[in-house]
Amino acid sequence: NAGVMQNPRHLVRRRGQEARLRCSPMKGHSHVYWYRQLPEEGLKFMVYLQKENIIDESGMPKERFSAEFPKEGPSILRIQQVVRGDSAAYFCASSPQGQGAQPQHFGDGTRLSIL
Amino acid sequence: KNQVEQSPQSLIILEGKNCTLQCNYTVSPFSNLRWYKQDTGRGPVSLTIMTFSENTKSNGRYTATLDADTKQSSLHITASQLSDSASYICVVSALKGTGANNLFFGTGTRLTVIP
């Protein structure tokens, strides 16, 4: 998984706090995708971003969740007022193009635990 | 409804033995199918990607097959090693859709190789 960097690897928050997850795509990749994985479940698409634009956020809850990919810096997935159900592994992937046919390289994820 | 189903859910084999993992899908229109290996605590890593016209593709001891007529794929692992212990995820891409919401993930097969 060299290339797509996610941090932190583990994040613990109390209910009601905010969680910020960061993703730096592979060099030269301008497309970022966020997925959520619950234990024993498959990856679920959340949001797809290009630099400074949200292309598709159809998989992201309407409330408390937001994502950005600024011109400079990593992509950020932000969860406000976290609840226990937000506990999951959050994976970021990047690609040089926006088509699903292109290989997607994944980071090693951020494991979010809500106390 | 676009779906990807994998079997078995879990599998235990002896080191050195072969095994075959199955993936059935109903995704349409079909673009490509990928197999990923996901080690515990890590992100998925692509093993193979197959398009409609490809029947077989190998990557070392991994061989994937695709039957686009029956919408089935298999991943065959030869001479298994302890390091093959991981989850193997089948991902099918549809032709339409934007970015990543045209990717459909199976829930994976959990393979354990024992000495």
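Our structure is the block above this text.
Structure report, in brief. (Residues numbered from 1 in each chain as written. Chains lettered and ligands numbered in written order. Predicted model: local features only at pLDDT ≥ 70, side-chain atom pairs only at ≥ 80, totals over all residues. Heavy atoms only, no water.)

**Some points on the overall build of chain A**
Helices and strands together make up the secondary structure of chain A, namely 0 helices and 11 strands. The order of α-helices and β-strands along chain A, N terminus first, is β-β-β-β-β-β-β-β-β-β-β. Taken over the C-alpha trace, chain A has a radius of gyration of 13 Å; the compact-globule value for 115 residues is 13 Å, and the two agree within 12%. Here the analysis covers contacts within chain A between residues at least 6 apart in sequence; of these, 53% occur between residues at least 24 apart. (Helix = DSSP H or I, 4+ residues; strand = E, 2+ residues; numbered from the N terminus. Rg over C-alpha atoms; globule rule 2.2 N^0.38 Å. Contact = heavy atoms within 4.5 Å.)

**Quick notes on the overall build of chain B**
Helix and strand counts for chain B stand at 0 helices and 11 strands. Walking chain B from its N terminus toward its C terminus, one meets helices and strands in the order β-β-β-β-β-β-β-β-β-β-β. For the C-alpha atoms alone, the extent of chain B along its principal axes is close to 45 × 30 × 20 Å. Counting across all 115 residues of chain B, residues that qualify as buried make up 44%. Pairs at least 24 apart in sequence give 57% of the contacts found in chain B among residues at least 6 apart. Carbon together with sulfur atoms contributes 50% to the accessible area of chain B, which is approximately 5,300 Å² in total. (Buried < 20%, exposed > 50% of the residue type's maximum accessible area, 1.4 Å probe, protein only. Areas by Shrake-Rupley, 256 points an atom, 1.4 Å probe, with all protein chains shown as cover.)

**Focus on the pattern of salt bridges**
Taken as a whole and assessed by the stated rule, the structure comprises 7 salt bridges over all chains. A salt bridge links Arg-78 of chain A to Glu-18 of chain A, with the shortest nitrogen-to-oxygen separation between them at 2.9 Å. Taken as a pair, Arg-78 of chain A in strand β8 (residues 75–79) and Glu-18 of chain A in the loop between β2 (10–13) and β3 (19–24) lie far apart in primary sequence, 60 residues in all. Its relative accessible area of 27% is what places Arg-78 of chain A among the partly exposed residues. For Asp-108 of chain A, the salt bridge goes to Arg-42 of chain B, with nearest N and O atoms at 2.8 Å. (Salt bridge = Lys/Arg side-chain N within 4 Å of Asp/Glu carboxyl O.)

**Things to note about the state of the cysteines**
Per the counting criterion, the structure on display carries 2 disulfides over all chains. Disulfide pairing places Cys-23 of chain A opposite Cys-92 of chain A at an S-S distance of 1.8 Å. Across the S-S bond of Cys-23 of chain A and Cys-92 of chain A the torsion is about -55 degrees, and the bridge reads as left-handed. Taken as a pair, Cys-23 of chain A in strand β3 and Cys-92 of chain A in strand β9 (residues 88–95) lie far apart in primary sequence, 69 residues in all. As far as the burial class goes, Cys-23 of chain A and Cys-92 of chain A line up, both buried. Cys-23 of chain B shares a disulfide with Cys-90 of chain B; S-S distance 2.0 Å. Judged by the sign of its S-S torsion, about -70 degrees, the cystine formed by Cys-23 of chain B and Cys-90 of chain B is left-handed. Placement of the pair is Cys-23 of chain B in strand β3 (residues 19–25) and Cys-90 of chain B in strand β9 (residues 86–94), with a sequence separation of 67 residues. (Disulfide = S-S within 2.5 Å.)

**Brief notes about the nonpolar core**
Tyr-25, Leu-33, Trp-35, Leu-75, Tyr-88 and Val-92 of chain B are the most contacted members of the largest nonpolar core, which has 25 residues in total. Listing elements by their share of this core, those giving two or more residues are β3, β4 (30–38), β5 (45–51), β7 (62–67), β8 (72–77), β9 and β11 (109–114) of chain B. The contact partners of Leu-75 of chain B, leaving out residues within four places of it in the chain, are Cys-19, Thr-20, Leu-21, Trp-35, Leu-47, Tyr-62, Thr-63, Ala-64 and Tyr-88 of chain B. Listed in part, the 22 residues of the second largest apolar core include Val-32, Phe-65, Leu-112 and Ile-114 of chain A. (Core = buried A, V, L, I, M, F, W, Y, C linked by side-chain atoms within 4.5 Å.)

**What to know about the sheet that holds β3 of chain B**
Residues and elements named next belong to chain B. Pairing is antiparallel in the open sheet, where 5 strands are placed in the order β1-β3-β8-β7-β6. Since the sheet does not close on itself, it has two edges, and those belong to β1 (4–7) and β6 (56–59), each with one partner. Direction aside, neighbouring strands of the sheet carry axes that sit 15 degrees apart on average. Relative to β8, β7 runs antiparallel, the two sharing 6 bridges. Of the residues in β8, the one forming a bridge with Thr-63 is His-76. (Pairing = 2+ DSSP bridges. Axes fitted to C-alpha atoms, helices over the stretch in contact; angles between N-to-C directions.)

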